[in-house]
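Structural description and commentary
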Amino acid sequence: MTTATLASYSLVLVYSAMGVYLFAFIAFTLDLAKRSSESPAAVAVAAPLARVVGQLSSASTTTLLERTATPPPAPTRKSSRFERVAFSLTVLAWLLHVGGTVLRGVAAHRVPWANMFEFSLTASAIIVGVFIVVQLWQNLKFLGAYISGFALIVLGFGTVGFYVNVVPLPPALQSYWLIIHVFVATLGTAFFAIGAGLSIAQLIQSRRESSKIGGLGFLATFPDAVKLENLAYRVIVVGFVFWTFTLMAGAIWAEHAWGRYWGWDTKEVWTFIIWTIFAGYIHARATRGWRGSRSSWLAIVGFAAVMFNFTIVNLFFKGLHAYSGL
């Protein structure tokens, strides 16, 4: 097959993936609506208990309350049909997504992340892939609408605003470091994206627990704010390890390509800024006792800096890393 034919087939798979992601997003949203209609298990336990207590004498009531001072843990919520369908659609969309990304690489005879369009394909595929794999460690399907919606938006902007035909690599990118540096950076971005989603959920959950907002019944089926914060911290630490290697690999590659490890190029500076934000997040939480909203906001700011680096810096700041392809 010719390069143009493979590239067109790649686009067909990407558009198909976008369609399936859309249905997955709708199904995840319907699952959130169903969660809103579910009563928390604690309420179901407390209501009959209150009726029994009201019928007992004061002495018996005291004894019963002493025995039930620590309520039993709420049973694990069973996944709804919407959630199962949504996750299955996400996996299907991801397979189509990966297929389109691989075909783009085959058409270009290289790894598919040499410009903004290709990086939007690869980065969103890796983010969704990490989300799928993370389910083996922890059930985070409540973030499904966030992840599927994010992938849909990135692919939409990538195909509409950033699409370019297959072109040869610039000389500076003709290195094995392109594979190592960009792939590890994308892995770090994937974990930061999930950490930001957990941090957003933590902020909303904490406000709900303090009775500052209401009407979001689906949050009763989410983990509590403390657990969401701890999950976000663990995920972000993994992303920080990958980002640290990204910074080191980029410096080594810069020395091979341009004869210096650091040159204050805009892309280099923003990569270091992102590293500093997340290093501050980890340090403040571990040594300064930052908990709750402050740490969550810092995690969100860090991921916003990652997105700024990918979009604004690549599009509007010229330098040695100006490889947007536009």
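What comes next concerns the included structure. (Residues numbered from 1 in each chain as written. Predicted model: local features only at pLDDT ≥ 70, side-chain atom pairs only at ≥ 80, totals over all residues. Heavy atoms only, no water.)

**Description of the overall build of the protein**
Helix and strand counts for the protein come out as 10 helices and zero strands. For the protein, the N- to C-terminal ordering of α and β elements is α-α-α-α-α-α-α-α-α-α. Long-range contacts, defined here as pairs at least 24 residues apart, represent 80% of the contacts in the protein between residues at least 6 apart. Here the protein has roughly 16,300 Å² of accessible surface; of this, 69% comes from carbon and sulfur atoms. (Helix = DSSP H or I, 4+ residues; strand = E, 2+ residues; numbered from the N terminus. Contact = heavy atoms within 4.5 Å. Areas by Shrake-Rupley, 256 points an atom, 1.4 Å probe, with all protein chains shown as cover.)

**Considering the pattern of salt bridges**
According to the stated counting rule, one finds five salt bridges in the structure shown. Between Arg35 and Glu83 there is a salt bridge, and its shortest N-O distance comes to 2.8 Å. On the criterion of sequence distance, the pair formed by Arg35 in helix H1 (residues 3–37) and Glu83 in helix H4 (residues 81–108) is long-range, its members being 48 residues apart. Residue Glu118 is joined to Arg110 by a salt bridge in which the shortest nitrogen-to-oxygen separation is 2.7 Å. Residue class for Glu118 comes out buried when judged on its relative accessible area of 0%. Assessed through its relative accessible area of 14%, Arg110 is described here as buried. Sharing partners across several salt bridges, the network here consists of Asp31, Arg35 and Glu83. (Salt bridge = Lys/Arg side-chain N within 4 Å of Asp/Glu carboxyl O. Buried < 20%, exposed > 50% of the residue type's maximum accessible area, 1.4 Å probe, protein only.)

**Focus: the packing of helix H5 (residues 116–134) against helix H6 (residues 144–161)**
At a minimum axis distance of 9 Å, the contact between H5 and H6 shows a crossing angle of 170°. In terms of their interaxial angle, H5 and H6 are classed as roughly antiparallel. Of H6, the residues touching H5 (which contributes Phe117, Ser120, Leu121, Ser124, Ile127, Val128 and Phe131) are Gly144, Ile147, Phe150, Ala151, Val154, Leu155, Gly158 and Thr159. Residue classes in the contact of H5 with H6 are distributed as 10 nonpolar, five polar and no charged. (Axes fitted to C-alpha atoms, helices over the stretch in contact; angles between N-to-C directions. Parallel < 35°, antiparallel > 145°, perpendicular 65-115°, else oblique. Nonpolar A, V, L, I, M, F, W, Y, C, P; charged D, E, K, R; others polar.)

**So, the nonpolar core**
Among the nonpolar cores identified, the biggest contains 76 residues, and Val130, Phe131, Leu140, Leu178, Phe192, Ile194 and Leu198 are the most heavily contacted of them. Among the secondary structure elements, those contributing two or more residues to this core are H1, H4, H5, H6, helix H7 (177–209), helix H8 (225–258), helix H9 (266–287) and helix H10 (293–316). Element by element, the count of residues in this core is highest for H7, at 13 residues. Other than its neighbours up to four places away in sequence, Leu140 contacts Phe131, Val134, Gln135, Ile194, Leu198 and Leu231. (Core = buried A, V, L, I, M, F, W, Y, C linked by side-chain atoms within 4.5 Å.)

**Some thoughts on the environment of Asp265**
In this structure, Asp265 sits in the loop between H8 and H9. Assessed through its relative accessible area of 11%, Asp265 is described here as buried. Sequence separation between Asp265 and Lys318 is 53 residues, and the spatial gap between their C-alpha atoms is 8.9 Å.

**Notes on a nonpolar patch on the surface**
On the surface, Leu22, Phe23, Phe25, Ile26, Leu30 and Phe82 cluster together to form a nonpolar patch covering roughly 530 Å² of accessible area. Sort the elements by how many residues they give to the nonpolar patch and H1 lands first, with five residues. Following the sequence through the fold, Phe82 ends up in helix H4. (Patch = residues over 30% accessible without salt bridge, like charges linked within 9 Å, V, L, I, M, F, W, Y side chains within 5 Å.)

**Regarding the packing of aromatic side chains**
Counted according to the given criterion, the structure contains 14 aromatic pairs. An angle of 75° between the planes, with centres 4.8 Å apart, marks the rings of Phe117 and Tyr163 as edge-to-face. Of this pair, Phe117 sits in helix H5 while Tyr163 is found in the loop between H6 and H7, placing the two residues 46 residues apart along the sequence. With relative accessibility at 1%, the residue Phe117 sits in the buried group. Considering the side-chain rings of Trp270 and Phe308, the 4.6 Å spacing of their centres and the 45° angle between planes classify their relative orientation as tilted. (Phe/Tyr/Trp six-rings, centres within 6.5 Å; stacked < 30°, edge-to-face > 60°.)

**Points about the environment of Ser175**
Here Ser175 is to be found in the loop between H6 and H7. Take Ser175: its relative accessible area is 24%, and that puts it in the partly exposed class. For the pair Ser175 and Trp253, spaced 78 residues apart in sequence, the C-alpha separation works out to 8.4 Å.

**Examining the packing of H7 against H10**
Taken N-terminus to C-terminus, the directions of H7 and H10 make an angle of 145°; their axes are 8 Å apart at the nearest point. Regarding H7 and H10, the two cross each other, and that crossing is left-handed. Packed against H7, whose contacting residues are Thr189, Phe192, Ala193, Ala196, Ser199, Ile200, Gln202, Leu203 and Ser206, the element H10 presents Ser293, Ser296, Trp297, Ala299, Ile300, Phe303 and Val306 at the interface. Of the residues in the contact of H7 with H10, the class split is 10 nonpolar, six polar and no charged. (Left-handed = near helix turned anticlockwise from the far one by under 90°.)

**Overview of the side chain of Thr101**
Looking at the secondary structure, you find Thr101 in helix H4. Exposure remark for Thr101: the relative accessible area of 7% places this residue in the buried category. Within the structure, Thr101 has its side chain in polar contact with the backbone oxygen of His97 (distance 2.9 Å). Apart from the residues within four sequence positions on either side, Thr101 is in contact with Pro112, Leu121, Thr122 and Ala125. (Polar contact = N/O pair within 3.5 Å; in protein donor to acceptor, adjacent residues only side chain to side chain.)

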